[in-house]
Amino acid sequence: MAIFEHPSFDEHESVHSFYDPETGLKAFVAVHSTHLGPSAGGTRFWRYENSDLALRDVLRLSRGMSYKNAMAGLKLGGGKAVVMKPEGDFDRNALFTKFGEFINSIGGAYYTAEDVGMTTDDMRTIRTKTKFVAGLDEGDAASGDPSPITADGVFRCIKLAANKRGLDLAGATIAVQGLGHVGYTVCRLLHAAGAKLIVTDINQQAANNAADEFGAKIVAPDEIYAQTADVFSPCALGAILNPETVNLLKANIIAGAANNQLSTPEIGLALQDRDILYCPDYVVNAGGIINIAGEIEGNYSPEWVETKLQGIEKTLGQIFDLATETGRTTDAIADEMARARIGR
Ligand code: NAD
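Worth saying up front: this structure is predicted, and the values here are computed from it rather than measured.

About the thresholds
Residues numbered from 1 in each chain as written. Predicted model: local features only at pLDDT ≥ 70, side-chain atom pairs only at ≥ 80, totals over all residues. Heavy atoms only, no water. Domains from an automatic or database assignment. Salt bridge = Lys/Arg side-chain N within 4 Å of Asp/Glu carboxyl O. Helix = DSSP H or I, 4+ residues; strand = E, 2+ residues; numbered from the N terminus. Buried < 20%, exposed > 50% of the residue type's maximum accessible area, 1.4 Å probe, protein only. Near = heavy atom within 4 Å. Polar contact = N/O pair within 3.5 Å; in protein donor to acceptor, adjacent residues only side chain to side chain. Areas by Shrake-Rupley, 256 points an atom, 1.4 Å probe, with all protein chains shown as cover. Nonpolar A, V, L, I, M, F, W, Y, C, P; charged D, E, K, R; others polar.

Enquirer: How should the domain arrangement of the chain be read in this particular structure?
Expert: Domain annotation for the chain reports domain 1 (14-64 + 79-127) and domain 2 (147-285 + 314-341). Taking the mean C-alpha position of each, domain 1 and domain 2 sit 30 Å from one another.

Enquirer: Just to check I follow, could you spell out the pattern of salt bridges for this structure?
Expert: Close approach of charged atoms lets side chains of opposite charge pair. As enumerated under the stated definition, the model contains 13 salt bridges in all. One salt bridge in this structure joins Arg44 and Asp115, with 2.9 Å as the shortest N-O distance. Taken together, the positions of Arg44 in strand 4 (residues 43-46) and Asp115 in the loop between strand 6 (110-111) and helix 3 (120-127) put the pair 71 residues apart, joining distant regions of the chain. With a relative accessible area of 18%, Asp115 lands in the buried category.

Enquirer: How do you make sense of the site of the ligand when you look at a structure like this?
Expert: If you check the shell around the ligand, you find 20 residues, and the closest are Thr150, His181, Val182, Asp201 and Ala236. At 2.9 Å, a backbone N or O of Ala236 approaches an oxygen atom of the ligand. In this structure, Ala257 approaches the ligand through a main-chain N or O atom, which is 3.2 Å from an oxygen atom. In isolation the ligand exposes 820 Å². Once the protein is present, 74% of that is buried. Of all the secondary structure elements, the ones that give two or more residues to the shell around the ligand are helix 4 (147-164) and helix 5 (181-192). Of the residues assigned to the shell around the ligand, the class counts are ten nonpolar, eight polar and two charged.

Take a look at the structure:
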C-alpha cells in the first residue's frame, strides 16, 4: 500500500521496512514524531497475514505512542516496531540479532522496548547490537518490569475519577477485566483502599487467586460488563468498548490499563451520552513508558517516576475540567491536547 496515501499515515516522520533473507526477518519501524525527543515505543512480535496489516498496526501504534508520551510529559516522541513472526521454524536469536542491527541503523531516532510477543531474552539479544533499547532488567539505570508503575498510574486515575464523581473508594465496587501483570496489582491497590472487587479472567487460576487474596467475586468473561459496579477497569484487551458492550455497562466510570479501549471514536460520544466518565487509556496507562523514559533519559529514580505519575493525575484532572466546561468528550480533548503538545 502506498505510504503517503495510507489512511493511518498521519504525517509520520519516517517509516522503515527491514528485510533479511537469511533469518526471514520482515519488520517495520514507524517514527511518528520526534518533536519532543527521540521516539520510543515497544516492538510487537506477531503473526500477520500480510505486510499491509503489519504496516497498519505499526502506524497506528506509533501515533498512539506519540500521544501517550506527550501526555505523560516525557521528552520522548512516538514510535513503534512490528516484527512479522515467520511461518514455520526460525532461529529466534538470529532474527532478533539482525533486528538489533536494523534498530541501530536508524541512529537513535527510535528506542525500542518490550511489547506483545517479546521476551526479556529477545530484548537482551537486541541489546547486543544496539544501545537504543530500554526496559531491561540490568545495566545502567535499568528500570525493570514497568507493570507495577502502570498499575500505580491506573489506581491513581481510578481514585481521581471517583473523586470527580463524589465517590469514596472505600466501599466502592470496581469491576476489573484481566488479572495479568497490571490488572492484578490494580486489584491489590484497590483492595488496600477498601474497594470491593468483581473480577474476570480467561485464566481461572488468576481469578481464583484474586478471590482468595482480595475476597473478589469472580464472574465469567462475558459477564463483566453488566456488573453492578461504580467503576469498570479494562486491563486485558483493546476495542472492548464497542456498541454491544457500552449498552451493558452499569458503571459510571471507566479507567483501565488496556490500550485502544474505544473500538471507534463514536464510542466516546456514546459513553458521554450515558454519562459515563471515560478516562482516556493512553493517559491512564502511561506508567510503564514513564519508567522506561527514566532509563532512556538516564535520570531514573523513584522520585522522578513519582513526579511523572503526579503529572498523569494533573493532566487527567485538566481533561475532566475541560470536558465539563466545553461539553466535549474526554477522549476528543485528550487527542487535541496530545496533538498540541507534539506541534500538530
Ligand atoms: P498480561 O498479558 O499480563 O495480562 C492480561 C490478562 O488479561 C491475562 O491474565 C489474560 O488471561 C487476561 N485476558 C485476556 N483475554 C481476556 C478476556 N477476554 N477476558 C478477561 N481476561 C482476559 O498484560 P498486562 O501487562 O497486564 O497488560 C494488560 C493491558 O494493559 C494490555 O492491553 C496492555 O497492552 C496494556 N498495557 C500494559 C502496560 C504494562 O506496563 N504492562 C502498559 C501500558 C498498557
